[in-house]
Amino acid sequence: MASSSPSDSAPSRWLRLGIPVLLVLIWVAGGSIGGPYFGKVDEVSTNDQSSFLPQSAAATQVNERLTDFLGDDSIPAVVVIEGGAALDDTQLADLQTVADDIASLGGVLDGVSPPIASDDGDAAQIFVPVDSSGEVREIVESIREILRSDLPAGLEGWVTGPAGFTADLTEGFLGIDGLLLLVALGAVFVILIIVYRSPLLPVLVLMTSLFALCVALLTVWWLAKAEIFVLNGQVQGILFILVIGAATDYALLYVARYREAIAAGARRWEATVRSWRGAFEPILASGGTVIAGLLCLLLSDLASNRALGPIAAIGIAFAMLSALTFLPALLALVGRAAFWPFIPKAPAAEVSDDADRPVRGLWPRVARFVARHARPVWIISTIVLLVGTAGITQLKADGVPSSDLVLGASEARDGQDVLAAHFPAGSGSPVYVLVKEADVADAATVLTDADGIDSVSVASGDAPSGQATVTVTDGALVLAAAGPPGTPAPTPTVSNGDVLLTATLTDAADSLAAEDSIRDLRATLDADLGAGTALVGGQTAIDLDTNDTSIRDRTVIIPTILAVVLIILMLLLRSVLAPVLLIVSTVVSFGTAMGVSALVFNNVFGFPGADPAVPLYGFVFLVALGIDYNIFLMSRVREESLRHGTRIGIRRGLVSTGGVITSAGLVLAATFAALGVIPILFLAQLAFIVAFGVLLDTFIVRSLLVPALAYDIGRAIWWPSKLWRAGPEVDGYRGPGGPQSEGADADADSSGATVTRAEYRRTLEP
């Protein structure tokens, strides 16, 4: 029976047109629905750090009980006013009017304090409880507007404290929906124009990325709305960049296969089927590996880290789906016109069996260079990378003050400096100690005796301000009466047998010195009262518990990601040795990226330090995304090795994927670098680490180190698979005996018998 030709088995013309049109309509509908949600993300996001802590954290337990003692759920703002000299009675009276105006604002709760003059008389502070469930940034901006318009001449005011820093942080994230996307998409478009020299193809690729992001955002928004996970500005920014970068990378891989098919003379449908089959496995394997790595973040105790895992995984899933459905549909409709005016007509560069034969083109030259100098190339590359890792000892990733989270101008930071100059630096951000009523005197004694504590009070509903200053006399708690002589002393508020003590720190609440005071205070309370008897909370405790949890997370999650990625690579490459070497190269590359980043952060940018989560996030993205390029390269190398033998397969794989990986690396580096436009320290550091690390992976690890090392090892790289066991090195080498005749289509096995390539390939078939 005669075999049917491809045209005979192809679907009808209507199906060849109908399937792409249907896919395009589905994606356009999804993008149209999801697009408007860019302006609605703030409805389901929060930047309240306390909401990210695990329920087991002491700061979380205290935070959940504060409303029992303080009433409404509020976040304190501190208004600090400074004059050129001591404030007089008239100025203080004017400040009382300012305080009354602030108290009348919507979103400001009852309990605004009168102006409290500093001991030196040159400044005053006003405590303002802000509704934490409201729009904190807008409320703080209203307070700042009152200060700008109502303060008497000669006085200057700032809004600081937790509410002030939250407002500045929220302000910093405002550019995510507009500026970040514009910069990222613009950078990608320029790179694609340079790579493809076509006005249409970059638009199709960007449509793939943008529609994937729209649908991913739609999904994430509703999941956050249902409170399935916590969404914040940091996670939102990473989602945007990750989807754009990953979808573009996957699109580049598909376009490369499509271009090969078009250059070989295939018609649109045939080119679509051929390129889809060639791109499906590496895209699915790459995306699956990234998703598996991201889902390891579910092991985190921080809700923000735990949320990033599934949110980013959703983004990657839609990036893969778009690259495997939307882009193929677009190219199936447009055909070779997508490449206009440089429509590919010649097949990809051929790789000669002889590594010494002259070649044309960049990547054939690189492949020949790697083949001729494999051992020196991988040794020198490794040494260079290891030298770069030395800088990792300079990395300061033990946390940074909240005042340093916003880059550039910050009114809250300026106000904090003024506050510290005239008042205890911890004013407005108190330490809360939740303790049983029977132990309150002992706990108060520990607080009053502790270094780093300026004053101690207790929550009391009888006190006009809700707080009563306390002392301990003869082992008994004494509350100071507020008012004229004879005013009865207030009593502590008791809730479920507990009392809330409040302490003011001498150091700024977001400083490392304040965190040390909290550590010492917890240790002393546990020693004197018993472990767990007194729980310490407040903003400083939240910062401390967040940092400690982040350090724990990276200790647990990083090894888990390595193990998961290693298993996936073993299954994909059907080998043990190759995946181990790829993982080692990725870890060394990560170490180099972190080492160089630490030196740049300290000596060029002058950053004050880094959040403990920075190395974790850097590792997740560099390893997960770096493995992408490993998969792109080694899956093609294995495919070519099955046909031509390992060493020629390595050269062919490098030539075939070199341009794709380079383009993908530039795109991903550019998209992550775009995070630097958001004036948030964490995102700026992550932008540099990932962008630099991706470029390092692209130009050194994937282009030189990995292919040179694999070439030097030879077919043993596939141990213990059939590709290692069966047949000779059909690649111009006779094993350890050295090279054989140029261009030979046969090789000799260990017994000296001649083996043709056809026979070799048959040995690998199941």
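Residues numbered from 1 in each chain as written. Predicted model: local features only at pLDDT ≥ 70, side-chain atom pairs only at ≥ 80, totals over all residues. Heavy atoms only, no water.

Caption draft 1: Structural context of helix α15 (residues 440-449). Within the sequence span of α15, burial applies to Val440, Ala441, Ala443, Ala444, Val446 and Leu447. In this fold, the buried residues of α15 make contact with β5 (431-436), β6 (453-459), β7 (467-473), β8 (476-479), β9 (498-505) and α16 (512-529). (Buried < 20%, exposed > 50% of the residue type's maximum accessible area, 1.4 Å probe, protein only. Helix = DSSP H or I, 4+ residues; strand = E, 2+ residues; numbered from the N terminus. Contact = heavy atoms within 4.5 Å.)

Caption draft 2: A look at a nonpolar patch on the surface. On the surface, a nonpolar cluster with roughly 430 Å² of combined accessible area is contributed by Trp14, Leu17, Val21 and Leu25. Inspection of the secondary structure assignment puts Val21 in helix α2 (residues 13-34). Under the relative-accessibility criterion, Val21 is labelled partly exposed at 34%. (Patch = residues over 30% accessible without salt bridge, like charges linked within 9 Å, V, L, I, M, F, W, Y side chains within 5 Å. Areas by Shrake-Rupley, 256 points an atom, 1.4 Å probe, with all protein chains shown as cover. Salt bridge = Lys/Arg side-chain N within 4 Å of Asp/Glu carboxyl O.)

Caption draft 3: Structural context of the environment of Ser656. Following the sequence through the fold, Ser656 ends up in helix α20 (residues 646-673). On a C-alpha basis, the gap between Ser656 and Glu640 in space is 9.8 Å, while along the polypeptide they are 16 residues apart. The contacts of Ser656, once residues within four sequence positions are left out, are Arg636 and Glu640. Within the local environment of Ser656, its side chain forms a polar contact with the backbone oxygen of Arg652, the two atoms lying 2.9 Å apart. (Polar contact = N/O pair within 3.5 Å; in protein donor to acceptor, adjacent residues only side chain to side chain.)

Caption draft 4: Representation of the pairing of strand β10 (residues 535-538) in the model. Residues Leu535 and Gly537 point to one face of β10 and Val536 and Gly538 to the other, with burial holding for every one of them. With four bridges joining them, β5 and β10 adopt antiparallel strand pairing. Residue pairing in the sheet places Leu434 in a bridge with Leu535 of β10. (Pairing = 2+ DSSP bridges.)

Caption draft 5: Seen up close, the sheet that holds β5. Pairing within the open sheet is antiparallel, and its six strands lie in the order β8-β7-β6-β9-β5-β10. Both edges of this open sheet fall to β8 and β10, since each of them pairs with a single strand only. Neighbour to neighbour, the strand axes of the sheet diverge by 40° on average, direction disregarded. The pairing of β5 with β9 spans six bridges and is classified as antiparallel. Bridging across to β9, Lys436 finds its partner in Asp498. Sitting on the sheet, α15 is in contact with β5, β6, β7, β8 and β9, with an inclination near 5° to β9. (Axes fitted to C-alpha atoms, helices over the stretch in contact; angles between N-to-C directions.)

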